[in-house]
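# Topology and contacts: notes
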Amino acid sequence: MSEANRRPSSRRKGSSGKSHKKKAYRKPLILRFLSGTGTVILTTFLSFFLLFAVTGTICAIAAAIYITNYMDDTQKVSIGELATSYQTNVYEWDKSLDDWVVTYSVQAELQRIPITLDKVPQYTRDAFVCAEDERFYSHEGVDFKRTAASFANMVLHFWNSEQGGSTITQQLVKNITQDNDKSPQRKIREIKRAMRLEKDYSKDEILEAYLNYIGFGGAANGIEMAARKYFGKHTEELTIAESACLAAIPQSPEQNNPFAGKNTTERNPVTDTYYYTDTFINTGRDANRTRMEYILGQMYSNGAITFDEYQEALNEHLVFTDTDEFKLAHPEKLRDDGSVSLMDGEEQKSTTWVIDEVLNEFAQILMDERGISKDRAMQRINNGGYQIYTTVDREMQAYIEDKYSDLDNLLAGMTNKKATTFYRDLDGDGEYTDEENLTLQSGFTAIDYRGRVLCTVGGVGQKVGSLGTSFASTEPQQPGSAIKPVTAYGFALDKDYITWGTHVLDYPPIEMDDPKHPGQKKLWPTNYADTNDTTVYTNQKIDIYYALQVSKNTIPALICKRYGVENVFNFATQTLGLQLRPRDKDYAPLSVGALDHGVTVKNLANAYMVYGSGGMYSPAHIIEKITTTDGQEMDLPGSVYNRVISEETAFVMNKMLQNVVQNGTGTSGQIIKNGKFLPIAGKTGTTSDWYDLTFVGLNPHFVSAIWIGYSKNKTIQNHFAIKSPLLWKNVIGEWIQQHYDDEDFEKDFPTPPEGTVKTGQVCAQTGKMAGAACPKEQLMGYWKASNAPYCDNREMGLGYNVYEEYADE
């Protein structure tokens, strides 16, 4: 073909006659790079995806085989196991049987009152189903949608609740088995057990068991007990709002129950730790209300209640049993101590003083070890299957309880109940009843020299209720002068600052503002006198032993000023275990026992034990040992037994306290047998306004203490007739007499090793060990060999004098 006949070229000529070439298209650099590597990346990704898919399939098959085999080995559970599993028992030693006897089973009807499902209103059942498991009636024991979420939560922790994926059936299984292990294996066991339970029992049987055994905060288990605890009524009387309120609790019982809360804390500057005050802040009401409103919304959404019922429930005013409103409306439900009885008349049961102290002590151990609330500790005790062995002397306990059955037994030989009672007509009906009158109360405890509580009685008359006030172990009291041997005197003697006969000036060492006369000063403290004289002091030198014998107030204050209240405070709290507060680090608390809050009779007796044990100390405890369900023995505070002061210090102080009973304020506490005085050491305590009378008495076998006063701060009627040592003797004196000749009863207090103490006559002028030519006091004196100044007549009248060292300050 000729050139002229060829197809026209794609190149065209322009108007200029020149030809134009079309530019070639090139991709951007980034796209050219991706087109080269994209295939490689995609191929790699798909390869890994297939690898993981195959691996995951293999793992899933293996897991399925493992789970199937594991579930086949999972034991079957029965609802009947709930009634008897993990029961906690308390034991006391019975000498007549020479064996331990069960005196209390903690998992008792007081903690759980089973009811049948027909006694539970339908809307109450619906409240719990809507709150905990809205698909309860359609699943076969496991809600796999929630279970998957629960497994995710176990790894990623989306929610704080531990019940995120558990159905009502699963929660019941957990209560039956007490299987609380947080692991996938436990969840697998729970799933299989729940599915088996659904095959063996109907939905109604499962729901009934669940409602009877689920926890509602503290010691309350089961809906009937919860209804009584929070609303003072039976389950069948609950309203829709009250039902939703109770249904809000099981998700987090210790946070969502309406009584939940905490005591405020204050810092102890001495130990740089925090302690709980008496100020309680309720946090449970708000938490419960939030979940309660959610549950009511769920009930409405699921058709369990109408819109009108929903609105009415939201606006209902709930009256809880801890409010004054409830107590005023239901006086018939109040116990003598003002608490609300959870039991109907014939059902009401009371625990003993011993059991109350056992439960309180064990709860405190759990609270300290695990940082949990008291309610939570009580719940652990109820469900933990603990076997608790006590230190109580059953014979002594029965004897003291019999004495405390009638106030006149305590006041014998002094006055009587009638003369010491405040008669009151509170309701204005013209009659004085026992409920209205204010009668004396008292507490007593005895502790051996290993710290073991032998007996405890917390009130006069028949004990009513459980875990209430005990004037022996839970209610702090003002000890008055009974505090002096465990504060100022004990500290100074232990540090060798004083001896038996150290001469000190009976003169108020502290000048302070006089609140009754603004702008004027007054001397403090003065000594007690039967008159109205407020300037009672001799301005003369006296011996230390005599100052303690007649209970001078000036001398302990002098010691505190000379050697520092902080040192005295630390000795009392850190050495002798006295439970004082930071505000007690002052002259009045440490000198005359005017404490910020007080100490319990038990704690005071415990501090004194060193003066009868030769200087050994152990925290007072009523629990000897505790074994867990696997037979292991728990470590307890009472196992600590250490020397805290020297044998010589304990011996000399014991002799000083014996002198108080032989020649001082404690003479009415003397005990005689076969014409001989038994070795009794002790110290009296009286508050300045006569609100409190206290006596601590030591014999070679145990230390015991007693307090008497009213439940409210009032001056004791006819108080001049009452002597606290005789009060103590009326309670325990005959027991000591009867048992003094027993083979296991020590005849005297411990004696230090030979050569560590010295005995001799006292120089009347110097207070030192008398020389041949010294004028001598009639009473024999006792000194630690390390601090036994001997008077050789050359120093007569110039003996060691605490006061003179700083009299010019």
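Higher on the page you've got the structure.
Let us look at the structure shown here. (Residues numbered from 1 in each chain as written. Predicted model: local features only at pLDDT ≥ 70, side-chain atom pairs only at ≥ 80, totals over all residues. Heavy atoms only, no water.)

## Overview of a negative patch on the surface
- Residues Asp368, Glu369, Glu624, Glu633 and Asp635 make up a contiguous surface patch of negative charge.
- Mapped onto the secondary structure, Asp635 falls in the loop between β15 (623-627) and β16 (642-643).
- Owing to a relative accessible area of 66%, Asp635 belongs among the exposed residues under this scheme. (Patch = residues over 30% accessible without salt bridge, like charges linked within 9 Å, V, L, I, M, F, W, Y side chains within 5 Å. Areas by Shrake-Rupley, 256 points an atom, 1.4 Å probe, with all protein chains shown as cover. Salt bridge = Lys/Arg side-chain N within 4 Å of Asp/Glu carboxyl O. Lys, Arg positive; Asp, Glu negative; His and termini not counted. Charge placed at Lys NZ, Arg CZ, Asp CG, Glu CD. Helix = DSSP H or I, 4+ residues; strand = E, 2+ residues; numbered from the N terminus. Buried < 20%, exposed > 50% of the residue type's maximum accessible area, 1.4 Å probe, protein only.)

## Topic: the packing of aromatic side chains
- Applying the stated criterion across every chain, the model contains 27 aromatic pairs.
- On the numbers, 6.3 Å between centres and 65 degrees between planes, the contact of Phe491 with Phe571 is edge-to-face. Here Phe491 is found in helix α17 (residues 488-494), whereas its partner Phe571 is found in helix α20 (residues 565-575), with 80 residues between them in sequence.
- In this structure Phe491 comes out as buried when scored by relative accessible area, which is 5%.
- The exposure class assigned to Phe571 is buried, which follows from its relative accessible area of 4%.
- Ring centres 5.2 Å apart and planes at 75 degrees place the aromatic pair Tyr507 and Tyr537 in the edge-to-face group. (Phe/Tyr/Trp six-rings, centres within 6.5 Å; stacked < 30°, edge-to-face > 60°.)

## Considerations on the sheet that holds strand β21 (residues 702-709)
- As summarised here, the arrangement of the five strands in space is β9-β8-β21-β20-β19, forming an open sheet in which the pairing is antiparallel. Each of the sheet's edge strands pairs with one partner strand only, and the pair in question is β9 (453-457) and β19 (681-686). Averaged over all pairs of adjacent strands, the angle between strand axes in this sheet comes to 10 degrees, irrespective of strand direction.
- Contacting β19 and β20 (692-698), helix α23 (residues 647-663) runs over the sheet at an angle of about 65 degrees to β19. (Pairing = 2+ DSSP bridges. Axes fitted to C-alpha atoms, helices over the stretch in contact; angles between N-to-C directions. Contact = heavy atoms within 4.5 Å.)

## Quick look at helix α15 (residues 394-403)
- Among the residues of α15, Met396, Gln397, Tyr399, Ile400 and Lys403 are the ones counted as buried. The arc that holds every buried residue of α15, seen down its axis, measures 165 degrees, which confines them to one face.
- In the core, the buried residues of α15 are packed alongside α13 (353-370), α16 (407-411), β8 (441-448), β9, β21 and α24 (724-739).
- Where α15 begins, one side-chain oxygen reaches toward the backbone nitrogen of Glu395, 3.1 Å away; that side chain belongs to Asp393. (Arc of directions from axis to C-beta. Polar contact = N/O pair within 3.5 Å; in protein donor to acceptor, adjacent residues only side chain to side chain.)

## Here we look at helix α19 (residues 554-563)
- Taken across its ten residues, α19 has eight buried, putting it largely inside the fold.
- Of all the residues in α19, the buried ones are Thr554, Ile555, Pro556, Ala557, Leu558, Ile559, Cys560 and Tyr563.
- Following α19 by one or two positions, Gly564 adopts a phi angle in the positive range, close to 95 degrees.

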